[in-house]
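# Descriptive structure summary
Chain by chain, the residues:
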Amino acid sequence: MSTSLSKGTPGNPETPDLWTPSQLQLDRTAYRQSRTIRSIAIAVISTVVLVGLALWGILGSAGWPRFQKAFLDLSYGKEVFLDILGGLWLNIRLMLVCGICIIVLAMLVAVVRTLRGPVFFPLRALATAYTDLFRGVPLILVLLLLGFGVPSLRIDWLPRDPLIWGCISLILVYGAYVSEVFRAGIESVHPSQRAAARSLGLSHGKMMRHVVVPQAIRRVMPPLLNDMVALQKDTGLLYVLGAVAYDAILRAKIETAQTFNYTPYVVAGLLFVLLTIPLTRFTDWIARRQGWVGGGLV
Amino acid sequence: MSLLEISGLRKSFGPNVVLNDFNLNVDAHQCVTLIGASGSGKSTLLRCINLLEVVEDGQIVLDGTDITDPRVNADEIRSRVGIVFQAFNLFPHMSVLDNITLAPRRVRGVSKDAAEADALAMLDRVGLRAKASARPDSLSGGQQQRVAIARALVNKPLLMLFDEVTSALDPELVGEVLAMMKDLKSEGMTMVIATHEMGFAKQVSDSVVFLADGSVAETGPPEQVLADPIDPRTQHFLRRIIEAGRL
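Thresholds applied
Residues numbered from 1 in each chain as written. Chains lettered and ligands numbered in written order. Predicted model: local features only at pLDDT ≥ 70, side-chain atom pairs only at ≥ 80, totals over all residues. Helix = DSSP H or I, 4+ residues; strand = E, 2+ residues; numbered from the N terminus. Rg over C-alpha atoms; globule rule 2.2 N^0.38 Å. Buried ≥ 20, exposed ≤ 12 C-beta atoms within 10 Å, placed from the backbone. Contact = placed C-beta atoms within 7 Å. Pairing = 2+ DSSP bridges. Axes fitted to C-alpha atoms, helices over the stretch in contact; angles between N-to-C directions. Expected span 1.5 Å × (residues − 1). Bend = angle between axes of the 7 residues up to and from the residue. Core = buried A, V, L, I, M, F, W, Y, C linked by C-beta atoms within 7 Å.

### Concerning the overall build of chain A
Within chain A, the secondary structure is distributed over 10 helices and zero strands. The linear arrangement of helices and strands in chain A, starting from the amino end, is α-α-α-α-α-α-α-α-α-α. Taken over the C-alpha atoms alone, chain A extends approximately 95 × 70 × 30 Å along its principal axes.

Here it is as structure tokens:
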């Protein structure tokens, strides 16, 4: 009666599973493998052809020798490499400090914007005005206005260092963007979750802290990390404040100004790419772990 | 030759072997009901038939075509097999009408006017023409499930699969969905139904299949399997159902 017992009882790990694939299944596996090999071959060939065509077009252009000398001077690049790498360390530190401040500020603003009830109107209005303003003004203007404007007010107790005002500009502008990311996440948590939390007697704050915000953060992790990648690059914009922050970009600019050779910019660019790649891969990994990409057959 | 012939089917998720050496034939115009405990593989079987899962071994032959062959066009097969899910799975960002016309227009390339005419006719049939421009979440569960059935039927499938379609519905809404399924049955649709509605299984099915341990434990006409089961596992399952007052 128990027809399948001879083949091992499914769902019961103690009985050994004696299944061996049938010939039909082996054929299907072989066919799928051959398709995989075929797709890999197509991918390799098309990549080689595309890259070949691009190289042929660029290397064959009339201006290539001059371009190579001005932008890809290998020995000059090596010469300035360590100097620019040292500048990159400043970019990394700026990114870490600003990143943490941005996340704290943005979460605060996002939570304030989701508060309900007339009592919170002033707070809500302030938070809304803040996001509206700093998402609208270009970062470079905020940098110039705060970096040069505030110190020129000569208010004694305010910091005079343009580097600090540069950081504050980054925090204000990115905080506005990231708070919208958080708000989207908070509002995407289904109302039934709030109802369940409140039904257990949690206050609004406790509900946000233990139920809503943790779920929201998980959902917005990829866009959040995306903004962190963008921040990493935009720390380079601080060079507009002049010789306050000897970061990678400013050092490349100084070098270029002396030799009229643009290779230092290319070196700085490559270093920034190398810096962002791990963060991008980390973002992908997080997304995959949450099952957002390539889940199943359909 | 049966319309659907399943032989030696195997599917596992990690160490959990859900279906093992599963065999089942369904003739055209037949209505087969799958019963069994939660996790016995009813849903997995339906998902395999609709190619939403890749089988690990064995064969599913639909209308003479081996649909488990990786060379077949899975999308084309899927459009010939309708499936209705437990949680409706309507697209929340589209109107009822757009939900129904999506596959005809985007898969089969039917013109907008023709697809909408078909969809409205189908909505007439399920009694929801007035809701054509409504969003799914403004409908009751029973109405949503009827839209989901209409969405599957508009592709004129060879075979309809129902995966516990009434389990998420309030009791008073179950009837309207079951009535639709009875109509379908009387029109000669071939159906495979996974359900916990034993009374309904008794009324509409030509045969009842009891799944246990990944394969068919017992199969036969409903009056035999549900009233006088042979397999001890079926007896045990039905005793618990009767204790719960569901039969």
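### Overview of the overall build of chain B
Along its length, chain B carries nine helices and 10 strands. Taking 247 residues into account, the globule formula puts the C-alpha radius of gyration at 18 Å, and chain B, at 18 Å, falls close to it. Considered along the principal axes of its C-alpha atoms, chain B spans approximately 55 × 45 × 35 Å. A total of 247 residues make up chain B; the buried ones form 47% of that total. At a minimum sequence separation of 6, the contacts of chain B that also span at least 24 residues come to 65%.

### Some points on the sheet that holds strand 4 (residues 57-62) of chain B
Residue and element names in this part refer to chain B. Here we have four strands laid out as an open sheet, ordered 2-1-4-5, and antiparallel in their pairing. Only two strands of the sheet have a single partner each, and these edge strands are strand 2 (16-26) and strand 5 (65-66). Docked against the sheet, helix 1 (residues 42-49) engages strand 1 (4-13), strand 2 and strand 4, running at close to 65° with respect to strand 2.

### A look at helix 6 (residues 162-188) of chain A
For helix 6 of chain A, built from 27 residues, the straight-helix expectation of 39 Å at 1.5 Å per residue is met to within 8% by its first-to-last C-alpha distance of 39 Å. Where helix 6 of chain A bends most, the angle comes to about 30°, and this point is Gly-175 of chain A.

### Some points on the sheet that holds strand 7 (residues 159-163) of chain B
Residue and element names in this part refer to chain B. With mixed pairing, six strands are arranged side by side in an open sheet as 6-7-8-3-9-10. On the outer flanks of this sheet lie strand 6 (81-84) and strand 10 (215-220), each paired with one strand and no other. If you compare each strand with its neighbour and ignore which way they point, the axes differ by 20° on average. The pairing of strand 6 with strand 7 spans four bridges and is parallel. Within strand 7, the position partnered with Gly-82 by the bridge is Met-160. Along the sheet, helix 1 contacts strand 3 (31-35), strand 6, strand 7, strand 8 (190-194) and strand 9 (207-212); its crossing angle with strand 8, the most-contacted strand, is approximately 145°. Across the sheet, helix 5 (residues 141-153) is in contact with strand 6 and strand 7; its angle to strand 6 comes to roughly 170°.

### Things to note about the nonpolar core
In terms of nonpolar packing, the biggest core is built from 71 residues, with Leu-34, Ala-150, Leu-161, Phe-162, Val-192 and Phe-210 of chain B touching the most fellow members. When residues no more than four places from it in sequence are discounted, the contact partners of Leu-161 of chain B are Leu-46, Ile-49, Asn-50, Val-81, Gly-82, Ile-83 and Val-192 of chain B.

### Description of unusual backbone geometry
Even without glycine at this site, Arg-154 of chain A takes up a positive phi of about 55°. Inspection of the secondary structure puts Arg-154 of chain A in the loop between helix 5 (139-152) and helix 6. For Arg-154 of chain A, a count of 8 C-beta atoms within 10 Å gives the class exposed. For Leu-51 of chain B, which is not glycine, the phi torsion reads 60° and is therefore positive. Turning to its location among the elements, Leu-51 of chain B is positioned in the loop between helix 1 and strand 4.

### Observations concerning the pairing of strand 4 of chain B
Residues and elements named next belong to chain B. Here strand 1 runs beside strand 4; their pairing, made up of five bridges, is antiparallel. Across the sheet, residue Ser-7 finds its bridge partner in strand 4, namely Gln-59. Where strand 4 and strand 5 come together, two bridges link them in antiparallel fashion. Each bridged residue has a counterpart across the sheet, and for Val-61 the counterpart in strand 5 is Asp-66. Between strand 4 and strand 5, which pair antiparallel in sequence order, lie two residues; one of them, Asp-63, sits at a positive phi of approximately 55°.

### Some points on helix 5 of chain B
All names here are of chain B. Taking 1.5 Å of rise per residue, 13 residues should cover 18 Å, and helix 5 covers 18 Å from first to last C-alpha, within 8% of that figure. The buried count for helix 5 comes to 11 of 13 residues, which makes it a mostly enclosed element. Burial in helix 5 covers these residues: Gln-143, Gln-144, Gln-145, Arg-146, Val-147, Ala-148, Ile-149, Ala-150, Arg-151, Ala-152 and Leu-153. Lining the buried residues of helix 5 we find strand 6, helix 3 (96-106), helix 4 (112-125), strand 7 and helix 6 (171-186).

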